[in-house]
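Fold and contact review
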Amino acid sequence: MKLKVRVVHYRHDCWYADIDDADDRQPDDPFWYADGCRTQAEAIALACTELAALDQAVADGDVPPRISETLTRVA
């Protein structure tokens, strides 16, 4: 599984980060995201922490769910 981290600056004071499949052309359903980070460094740090957790889950044989799959499990 190839994952990518995307960090985007929007508005004047917010950063967004997500983790998605590197081959996914439409980033509309990532595995993880963080919205409203105050700095780029915060967004990157959060994404790196989550990327390490996802890497461990994959190494343990788990397939991480996408956001939409997580939401349907809760409902």
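Presented here is an overview of the structure given in this document. (Residues numbered from 1 in each chain as written. Predicted model: local features only at pLDDT ≥ 70, side-chain atom pairs only at ≥ 80, totals over all residues. Heavy atoms only, no water.)

Secondary structure summary: the protein chain contains two helices and three strands in total. Order of helices (α) and strands (β) in the protein chain, N terminus to C terminus: β-β-β-α-α. With respect to the three principal axes, the spread of C-alpha positions in the protein chain is 40 × 25 × 25 Å. Per-residue burial for the protein chain yields a buried fraction of 25% across its 75 residues. Sequence separation of at least 24 residues holds for 38% of the intrachain contacts in the protein chain that already meet a minimum separation of 6. Split by element, the accessible area of the protein chain, about 5200 Å² in all, is 52% carbon and sulfur. (Helix = DSSP H or I, 4+ residues; strand = E, 2+ residues; numbered from the N terminus. Buried < 20%, exposed > 50% of the residue type's maximum accessible area, 1.4 Å probe, protein only. Contact = heavy atoms within 4.5 Å. Areas by Shrake-Rupley, 256 points an atom, 1.4 Å probe, with all protein chains shown as cover.)

Before going further, it helps to examine helix α1 (residues 40-59). Helix length check: α1, at 20 residues, gives a terminal C-alpha distance of 28 Å against a target of 28 Å (1.5 Å per residue), a fit within 8%. Among all positions of α1, only Ala43, Ala47, Leu54 and Ala57 are buried. Relative to the axis of α1, the buried residues are bounded by an arc of 75° and lie together on one face. Residues of α1 that are exposed and point over 90 degrees away from its buried face: Ala41, Thr49, Asp55 and Ala59. One or two positions beyond α1, positive phi appears at glycine 61, with a value near 95°. (Expected span 1.5 Å × (residues − 1). Arc of directions from axis to C-beta.)

Attention now goes to the nonpolar core. Ranked by size, the top nonpolar core spans 10 residues in total: Trp15, Ala17, Ile19, Phe31, Trp32, Ala34, Cys37, Ala43, Ala47 and Leu54. If sequence neighbours within four positions are ignored, tryptophan 15 has contacts with Val7, Val8, His9, Tyr10, Ala34, Asp35, Gly36, Cys37, Arg38, Thr39, Gln40 and Ala43. (Core = buried A, V, L, I, M, F, W, Y, C linked by side-chain atoms within 4.5 Å.)

Let us look at the sheet that holds strand β3 (residues 32-37). Strand order in this open sheet of three strands is β1-β2-β3, and the pairing throughout is antiparallel. Sheet topology places β1 (3-10) and β3 at the edges, where each strand pairs with a single neighbour. On average, adjacent strands in this sheet sit at an angle of 15° to one another, irrespective of strand direction. Relative to strand β2 (residues 14-21), β1 runs antiparallel, the two sharing eight bridges. Counted as the bridge partner of tyrosine 10 is cysteine 14 from β2. Sheet contacts for α1: β1, β2 and β3; angle to β2, the most-contacted strand, approximately 25°. (Pairing = 2+ DSSP bridges. Axes fitted to C-alpha atoms, helices over the stretch in contact; angles between N-to-C directions.)

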